[in-house]
Amino acid sequence: MCADQSQYMYGVFATFAYPGVTFGGAASWPVDFYNETEFFTDDLMTKSFAFGLDVRRQGTATTYQPYWIDYTNFSGYRSIGTAAGGSDLKVHTFMAIPSCSGCTTWDIFYDYVHVGTTGGQPSPSSHHLMTGWLLTGMYGPSSFPQTRNRVMFLDGNYQFVRFDRAATSVRAPAGDCSIGAHPDYCWRFDTAVSTASGGTAQYVTSWDVTKPMVQPGTFATTAPEAGQRAAQDADDETDQLVERAQQIVDQRLKIRR
Amino acid sequence: MTRKLLYSLVATLCLITGTIVPASAASPAAGPITAAAAADLRQDCEAHRNEAAGQRGWARSRFEQCHRQSKYITLYDTNTLEPKGHFEFDLWTLAFAYDGTRRVDYVISVENAKQSQQLNDQWSLLTVTFTGCASRTDLTCTGPQEVEKTIGDWYYQPHIDTISVTSPDTAGAAPFATVGFDASIGIVAEYRDGRTRPLVDSSSQVNRVRFDSAGSALGNGKYKGTVFLDHTPTLVLPLTGAGIDEEARHVDDALHHTERTFPSSLGKNVPGETRPLHRLMDATQRSSNHSASVGICRNIWGDGYAAGGQECDEYPFQSTYEGSATSTNNQPYTWNGSARPINGDHNGAGGTKLANFYGANRILDNDAFYVKVSP
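Residues numbered from 1 in each chain as written. Chains lettered and ligands numbered in written order. Predicted model: local features only at pLDDT ≥ 70, side-chain atom pairs only at ≥ 80, totals over all residues. Heavy atoms only, no water.

(A) Structural context of the overall build of chain B. The number of helices and strands found in chain B is seven helices and 17 strands. In chain B, which comprises 375 residues, the share counted as buried stands at 50%. Within chain B, contacts between residues at least 6 apart in sequence are counted, and of these 70% link residues at least 24 apart. As displayed, chain B offers around 16,300 Å² of accessible surface, 49% of which is attributable to carbon and sulfur atoms. (Helix = DSSP H or I, 4+ residues; strand = E, 2+ residues; numbered from the N terminus. Buried < 20%, exposed > 50% of the residue type's maximum accessible area, 1.4 Å probe, protein only. Contact = heavy atoms within 4.5 Å. Areas by Shrake-Rupley, 256 points an atom, 1.4 Å probe, with all protein chains shown as cover.)

(B) Structural detail: unusual backbone geometry. Here F262(B) and P263(B) are connected by a cis peptide whose omega angle stands at 5°. A cis amide bond links Y315(B) with the next residue in sequence, P316(B), at an omega value of -5°. Structurally, P316(B) can be placed in the loop between strand 15 (310–315) and strand 16 (338–343). In this model, D111(A) sits at a positive phi of 50°, which is unusual for a non-glycine residue. Positionally, D111(A) belongs in the loop between strand 9 (106–110) and strand 10 (113–117).

(C) Representation of the sheet that holds strand 14 (residues 277–278) of chain B. Residue and element names in this part refer to chain B. Spatially, three strands are ordered 13-17-14 in an open sheet, and the strand pairing comes out mixed. Two strands in the sheet have a free side with no partner beyond their single neighbour: strand 13 (234–238) and strand 14. In this sheet, strand 17 (residues 368–374) lies alongside strand 14 in antiparallel orientation, the contact comprising two bridges. For L277, the partnering residue across the bridge sits in strand 17 and is F369. Sheet strands in contact with helix 7 (residues 344–360) are strand 13 and strand 17, and its direction is about 155° off that of strand 13. (Pairing = 2+ DSSP bridges. Axes fitted to C-alpha atoms, helices over the stretch in contact; angles between N-to-C directions.)

(D) Structural detail: the environment of R78(A). Here R78(A) shows up in strand 7 (residues 77–79). When sequence neighbours within four positions are dropped, the list of residues in contact with R78(A) reads P66(A), Y67(A) and W68(A).

(E) Structural view of the packing of helix 5 (residues 245–256) of chain B against helix 7 of chain B. Residues and elements named next belong to chain B. Running from amino to carboxyl end, helix 5 crosses helix 7 at an angle of 75°, the nearest separation of the two axes being 7 Å. Between helix 5 and helix 7, the interaxial angle falls into the category roughly perpendicular. Each of D245, E246 and E247 in helix 5 lies in contact with helix 7, whose residues at this interface are H346, N347 and G350. When its residues are assigned to classes, the contact of helix 5 with helix 7 shows no nonpolar, three polar and three charged. (Parallel < 35°, antiparallel > 145°, perpendicular 65-115°, else oblique. Nonpolar A, V, L, I, M, F, W, Y, C, P; charged D, E, K, R; others polar.)

(F) Quick peek at the state of the cysteines. Residues and elements named next belong to chain B. This model, assessed by the stated rule, comprises five disulfides over all chains. What pairs with C45 in a disulfide is C66, and their sulfur atoms sit 2.0 Å apart. Handedness of the C45-C66 disulfide follows from its S-S torsion of about 100°: it is right-handed. With C45 in helix 2 (residues 35–47) and C66 in strand 2 (residues 64–77), this pair connects stretches of sequence that are 21 residues apart. By the burial criterion, C45 is buried, and C66 matches it. Between C297 and C312 runs a disulfide, and the two sulfur atoms are separated by 2.1 Å. In this structure, the disulfide formed by C297 and C312 twists by about 85° around the S-S bond and is classed as right-handed. Taken together, the positions of C297 in helix 6 (residues 283–301) and C312 in strand 15 put the pair 15 residues apart, joining distant regions of the chain. On the basis of relative accessible area, C297 is assigned to the buried category, the value being 0%. Its relative accessible area of 4% is what places C312 among the buried residues. (Disulfide = S-S within 2.5 Å.)

(G) Just the sheet that holds strand 1 (residues 2–9) of chain A, in detail. All names here are of chain A. With antiparallel pairing, the seven strands of this open sheet are ordered in space as 7-6-5-4-11-1-14. Two strands in the sheet have a free side with no partner beyond their single neighbour: strand 7 and strand 14 (168–169). Across eight bridges, the pairing between strand 4 (residues 27–40) and strand 11 (residues 126–135) is antiparallel. Following the sheet pairing, T37 is matched in strand 11 by T131.

This is the structure:
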């Protein structure tokens, strides 16, 4: 899910429960599923920092590692604490709060503990944010139950507030699950944007994603449910923005661990 | 050297008037008060001389309070209003209340007493009064409540017998059988030559006491006890090492980093550090506070906030009038407080620590206390 708005964002809050990820088999090389929230600090969306959870499969072992990363300064992937061998099922909370008023650095908090500070960013505020899952290496034979990324931004009054639904767009690409397709490239996400009413607007409470284990030919003819494949109702402008975000993500994946 | 010279002078005067001679230190306090306890409180009281000099003195704890006033009293001629001389002395009161007993003891002394040279000792009288007991049927006072001596006699014998005030276990107001008592320690300074105006200060020192029999409602404490109301205790929460790390961090964020807390509101100013909290003992209202806080946890972290052994913690605590419902007329999103999921064990240990604190300090409904997070 992407949030693009004219209102300034000065920080970000994201919380979600770590899900139990199921991998269909051993991984010959590291497979990483990232649940990441990225905060862009320029309008071109070329500078940013991010945090989230990395669920890694290597061989038959799975680890859960929270992390943060400063893309702007290429300062690398920062592990937060030590990796766990499984999900603790708890909701975990990530926050980025300006180091000071007007600062272009942000303090990163994980479960309310300060875990690091970004390098200097081009701007003390943002108009763009992205949250959700990024998968590498094992698309088909893997699944996880529903996660709910509950994301808010810090406004100019230093209050965390929810995004107006109208300022968000979503994208959830699906694989090829036609009859006869290769199982490794057959996948889908079930997604939804949960909202709450606030005056005349709808505000985003969470970006909900489930990844079921699917096989070719088992669902390909089934039309996506309304509201689940929300990318399909995005307008052209949003499509372009999302495509661009995807490109950024693809590039960024190269510099993760 | 100066002190020796003064004593030499006084000793010389003694030969003439038969009055002031240096005396030895006071004898240990009587009753359940140990000499060591009295000496320790006295030493600390000296270190807090400015507070101790006020009318309400200095309360080191809910069970120890002291008053120490250095008096310089000038006496005036009744007709001409010209100064006739002065008295100097230190008026000490060490007060001890007890957890487990409805009793308070007072050790009062007049120390370093002296008068100006031109005053005759036999007419130089200082009376110490202890008032507050008269007409009371809910308490009993034993010991001298008025002691008159010459300045010289005060010098020789600075202490008066310990005054004890007790209250029957069942006396007092419901629901906790509380009895309030204000002890006033006063002085009357006189030069009895028939032409000097006396100085009367009947409440030079005031000591506020409460007896209670709160029983099990108190929490983790004794059935009954006595406290000094001028001490507002402080709950100290260590950030690490006490098994309450997440609880302490939450309180620290609420007090010092409100932007990290929810509900997120403009101008949030959370009490406890500079403004005290006040204990709430009503179970229904406490429950309302917690329900409102759980609503915040659900709203921010979702219905699954408690997964993995988490619990919705709240600060100010549900057991305070500053809680999320009682302080907001059940509008918790306007609350000057914070709710968040924390480790259930830490929350439980924090709750036990709070209950122990309430008990150890005999904190009853609406009693004030502070909160401090220590590094």
